[in-house]
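# Descriptive structure summary
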Amino acid sequence: MTDRTAGADRTTAPAPTADPAAALYRTVALVRGFEQRAVELVRAKVVLGGIHPYTGQEAIAAGTCAALRPDDVITSTHRGHGHVLAKGADPARTMAELAGRATGLNRGRGGSMHAADFGVGVLGANAVVGAAVPIAAGAAWAFRRAGSDRVALSYFGDGAVSQGVVLEAFNLAALWRVPLVLVCENNGFATSMRTEDTVAGSILGRAAAFGIPARTVDGTDPEAVRDATAEAVARARSGAGPTLLECTAYRFDAHHTWEHTARPRYRTDAEVAAGRARDPLEVQGARLPAATRAAIDAEVAQLLDRAVRFARESPHPDPAGALDHLYATGLRARAGAR
Amino acid sequence: MPKLSYLKALNRAIGDEMDRDEAVCVFGEDVGVAVTHATAGLLKRFGPDRVLDTPISEQAFTSFATGAALAGLRPLIEFQIPALLFLVFEQIANQAHKFSLMTGGQTRVPVTYLLPGSGSRESWAGQHSDHPYSLFAHVGVKTAVPATPADAYGLLVTAIRDDDPVVVFAPSGALGVREDLDLAALAPVPLGVGRIHRRGTDVTVVAVGHLVHDALAVAEDLAGTVSVEVFDPRTLFPFDWSGLAASLERTGRLVVVDDSNRSCGIGGEIVATAAEEMRLIAPPRRVTRPDGAVLPFARELDLACQPTRAQLRAAVEKAVGAG
């Protein structure tokens, strides 16, 4: 059996937030709230497998996606909910995907680390560090070949800059001037390893080696991220090729919710408190009138209540369809037992 | 009728598909000058937007092709060396192959990976002589190993048109094969449909790739004493199990000859499936490379690791004697 297509199940319309500052705040608040709800659902064992929380990094997703058009595409990481939501995926269907439900973005076949929504230009979160960077470069090349001015944006972490395939992709993208924006989210840690203990030289230096313009951006400030991304996007659309943005932020929560029980120690409470003090939600919230902020908070809370309810109440997929979609051509290969 | 070589058949298949479909493009190292000849003339005919010489950067350009496919193109990648598939196994098996399922059917990845010269190439030594088709069949990536020029053309055309990733192994031992053909009769060959090259009643020899020609030679040698049916699966995934079952209904005896390592190789899968599900009146036999083989350089050592006609003949005689 094939699961019903969940496209018509969108439970919420995107809120019309005309003021750009308010719109950015809304995205940050949406992602923050989504992550908090998702962690609760992990604790409640509604979301299995755990998640990689994005709290503290929301300004990067919000700012970058604010500079993209709906027809531009992104590739994401194993810490991808923020990107997927900021690009426009339905929070309810995203939460349902985390919960492994038939109504999820990927019909329950992807989960947290593979959330994808091709309808809004999300070519997928990717669970292999750095693996999506050449994929984004190839999509960008295909856009240019088709004569369009669409761009691709690829997120990756500071840990990914030590992956060979990422640097190979830098080379191809720069060599062929593909319309690509490279966004390195430097949250300070590759799992438990500090950036300074894993990166020889510098992240910007990686780009310099390939002649790719690069700069560091305050990844806790949605407007700074948006403005820097807009420049990189304009450069890409003009045919000048890729740009690297190193967006710095601090990961508030665990690398993965598994840490909530295992509690590996690789940073002090004081350091986490200092990191949390620079909060993107407060950075952007401070730019709005209190009443506007409160109204957005209320609207987002309601939306997330509905998302959680939708995820909890959605049906589980039928095990008989476990390998539906394995082949795009519909090939059905042999069963494992007969 | 004109003679068509295997390599020219590959070249013709790519050119015909590029003519037919604007979305088809070619990536690879030295594809412009066509060092393998498979891409000869394509750069001049279709231009650098469709025939891209890549840097020596296999992992990146393999996933680059995946991205291009996600954006609507149908890339073909040529790899000059079969061992490069070990390097890009992540990009094919763990990325391209998994996108359809992991996205819940939101997308397809129609990329073709072409290996013109897999297996031993007469003393190219340890890192240039692998035949890793069983790895791809194991993970479920569509895998074709054509034996003849007509099948090379037909399977490559089908691979390019297929909406899933497909690896096409063109064994170096088959590249020199030429065939009298009516070029107008060249046609796509479906995946998952084997071909019986010679009918027989005593024993079915399943031969993979270039070994089809060895099997035919052995069958000819034994004609008069043993009636050998030569079954060429043509694709290892999906595999033509019903075609094999039908052949074994006629013969009841099975010998598999496969130029890959013995343990967990496709030969083992064919024997196991036949033993579980098909009519056998004698124990099945396999002729393969040794367990864990790495092909040594010296020619006599290289040959000592590959299946030989003598081994195949002995296996056939044992299979028949045991019946």
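As a starting point, this report considers the structure included with it.

Each value, and the rule that gives it
Residues numbered from 1 in each chain as written. Chains lettered and ligands numbered in written order. Predicted model: local features only at pLDDT ≥ 70, side-chain atom pairs only at ≥ 80, totals over all residues. Heavy atoms only, no water. Helix = DSSP H or I, 4+ residues; strand = E, 2+ residues; numbered from the N terminus. Rg over C-alpha atoms; globule rule 2.2 N^0.38 Å. Buried < 20%, exposed > 50% of the residue type's maximum accessible area, 1.4 Å probe, protein only. Contact = heavy atoms within 4.5 Å. Areas by Shrake-Rupley, 256 points an atom, 1.4 Å probe, with all protein chains shown as cover. Pairing = 2+ DSSP bridges. Axes fitted to C-alpha atoms, helices over the stretch in contact; angles between N-to-C directions. Buried area = accessible area lost by both parts, 1.4 Å probe. Salt bridge = Lys/Arg side-chain N within 4 Å of Asp/Glu carboxyl O. Parallel < 35°, antiparallel > 145°, perpendicular 65-115°, else oblique. Left-handed = near helix turned anticlockwise from the far one by under 90°. Nonpolar A, V, L, I, M, F, W, Y, C, P; charged D, E, K, R; others polar. 1 Å grid on protein atoms, 1.4 Å probe; cavity = no way out; pocket = protein on both sides within 12 Å on 5 of 7 lines; lining within 4 Å. Points joined across faces, edges and corners; volume = space filled by probe spheres on them.

Let's shift gears to the overall build of chain B. The number of helices and strands found in chain B is 13 helices and 14 strands. Relative to a compact globule of 323 residues, whose C-alpha radius of gyration would be 20 Å, chain B shows 19 Å and is just as compact. When its C-alpha atoms are laid out on the principal axes, chain B stretches across 60 × 45 × 40 Å. The burial tally for chain B puts 63% of its 323 residues in the buried class. Counting contacts in chain B only where the partners sit at least 6 residues apart, residues at least 24 apart contribute 82% of the total. Carbon and sulfur atoms provide 53% of the accessible area of chain B, an area that totals close to 11400 Å².

All names here are of chain A. Ordered by their spatial adjacency, six strands build an open sheet running S2-S1-S3-S4-S8-S7, and the pairing between neighbours is parallel. Two strands close off the open sheet at either side, each with one partner strand: strand S2 (122-125) and strand S7 (214-218). Direction aside, the axes of adjacent strands within the sheet are offset by 20 degrees on average. Bridge analysis of strand S4 (residues 180-186) against strand S8 (residues 243-248) gives six bridges, and the strand direction is parallel. Its bridge partner being in S8, Val 183 is matched across the sheet by Leu 245. Those strands touched by helix H5 (residues 132-145) are strand S1 (73-76), S2, strand S3 (152-157) and S4, and its axis lies near 170 degrees from that of S3.

Next up on the list: the pairing of strand S7 (residues 166-171) of chain B. All names here are of chain B. Burial analysis of S7 places six of its six residues in the buried class, the great majority of the element. Of the two faces of S7, both are covered, the one formed by Val 166, Val 168 and Ala 170 as well as the one formed by Val 167, Phe 169 and Pro 171. Two strands pair when backbone bridges link them, and strand S5 (residues 112-118) and S7 are joined in this way by six bridges, in the parallel orientation. Bridging from a neighbouring strand, Leu 115 pairs with Phe 169 of S7. In this sheet, S7 lies alongside strand S6 (residues 142-144) in parallel orientation, the contact comprising three bridges. Across the sheet, Lys 142 pairs through a bridge with Val 166, a residue of S7.

Attention shifts here to the side chain of Asn 106 of chain A. One can find Asn 106 of chain A in the loop between helix H4 (91-98) and S2. Setting aside residues no more than four positions away along its own chain, Asn 106 of chain A makes contact with Glu 97, His 114, Ala 115 and Ala 116 of chain A together with Met 102, Thr 103, Gly 104 and Gln 106 of chain B.

Looking now at the interface of chain A and chain B. Opposite the 42 residues of chain A that make contact, chain B presents 50 residues. Buried area between chain A and chain B, summed over both chains or domains, comes out near 3600 Å², and the portion from carbon and sulfur atoms is 64%. Between chain A and chain B we count one salt bridge in total. For the salt bridge of Arg 334 of chain A with Glu 269 of chain B, the shortest nitrogen-to-oxygen distance reads 2.7 Å. Breaking the side of chain A that touches chain B down by element, the ones donating at least two residues are H5 and helix H6 (164-175) of chain A. When residues of the side of chain A that touches chain B are assigned to their parent elements, the largest contribution, nine residues, is made by H5 of chain A.

Our next topic: the packing of H5 of chain A against helix H3 (residues 58-70) of chain B. Across the interface, H5 of chain A lies against H3 of chain B with an axial gap of 6 Å and an inter-helix angle of 50 degrees. With respect to H3 of chain B, the element H5 of chain A is oriented oblique. Taken as a pair, H5 of chain A and H3 of chain B cross one another with a handedness that is right-handed. In this structure, H5 of chain A contributes Pro 134, Ile 135, Ala 137, Gly 138, Ala 139, Trp 141 and Ala 142 of chain A to the contact, and H3 of chain B contributes Ala 60, Ser 63, Phe 64, Thr 66, Gly 67, Ala 68 and Leu 70 of chain B. Among the residues making up the contact of H5 of chain A with H3 of chain B, the classes are represented as 10 nonpolar, four polar and no charged.

Bringing the packing of helix H1 (residues 20-43) of chain A against helix H13 (residues 290-313) of chain A into the picture now. All names here are of chain A. Contact pair H1 / H13: the axes reach a minimum separation of 9 Å and the direction vectors enclose 40 degrees. Between H1 and H13 lies a crossing of right-handed hand. Taking contact as the criterion, the partners of Ala 22, Tyr 25, Arg 26, Ala 29, Leu 30, Gly 33, Phe 34, Arg 37 and Leu 41 in H1 are, on H13, Thr 292, Arg 293, Ile 296, Asp 297, Glu 299, Val 300, Ala 301, Leu 303, Leu 304, Asp 305, Val 308 and Arg 312. A breakdown of the residues in the contact of H1 with H13 according to their chemical character gives 12 nonpolar, two polar and seven charged.

Residue and element names in this part refer to chain B. Across the sheet, five strands lie side by side as S9-S11-S10-S13-S14; this open sheet has mixed pairing. Both edges of this open sheet fall to strand S9 (195-198) and strand S14 (285-289), since each of them pairs with a single strand only. For this sheet, the mean inter-axis angle between neighbouring strands, taken without regard to orientation, is 25 degrees. Sheet analysis places S9 next to strand S11 (residues 228-232), joined by three bridges and oriented antiparallel. Pairing of Ile 196 across the sheet is with Phe 231, part of S11. Those strands touched by helix H11 (residues 266-277) are strand S10 (203-207), strand S13 (254-261) and S14, and its axis lies near 155 degrees from that of S13.

Residues and elements named next belong to chain A. Within the structure shown, the criterion is met by 35 salt bridges over all chains. Measuring nitrogen to oxygen at the nearest pair gives 2.8 Å for the salt bridge that ties Arg 26 to Glu 299. On the criterion of sequence distance, the pair formed by Arg 26 in helix H1 and Glu 299 in helix H13 is long-range, its members being 273 residues apart. Residue Arg 26 is classed as buried on the basis of its relative accessible area, which comes to 11%. Glu 223 is the partner of Arg 287 in a salt bridge, and the nearest nitrogen-oxygen pair spans 3.8 Å. One end of the pair, Arg 287, is in the loop between helix H12 (280-285) and H13; the other, Glu 223, is in helix H9 (residues 222-237), with 64 residues separating them in the sequence. Assessed through its relative accessible area of 36%, Arg 287 is described here as partly exposed. Look at the salt bridges and you will find they share partners, linking Arg 32, Glu 58 and Asp 279 into a network.

Attention shifts here to empty space enclosed by the protein. The tally for this structure, following the rule as stated, stands at one cavity of 30 Å³ or more. Each pocket or cavity is described by its volume, and for the largest cavity that value is around 60 Å³. Residue lining of the largest cavity: Leu 326 and Tyr 327 of chain A together with Ala 96, His 97, Phe 99, Ser 100, Val 109, Gly 140, Val 141, Lys 142, Asp 164 and Pro 165 of chain B, and that is the complete set. Considering only residue class, the lining of the largest cavity consists of seven nonpolar, three polar and two charged.

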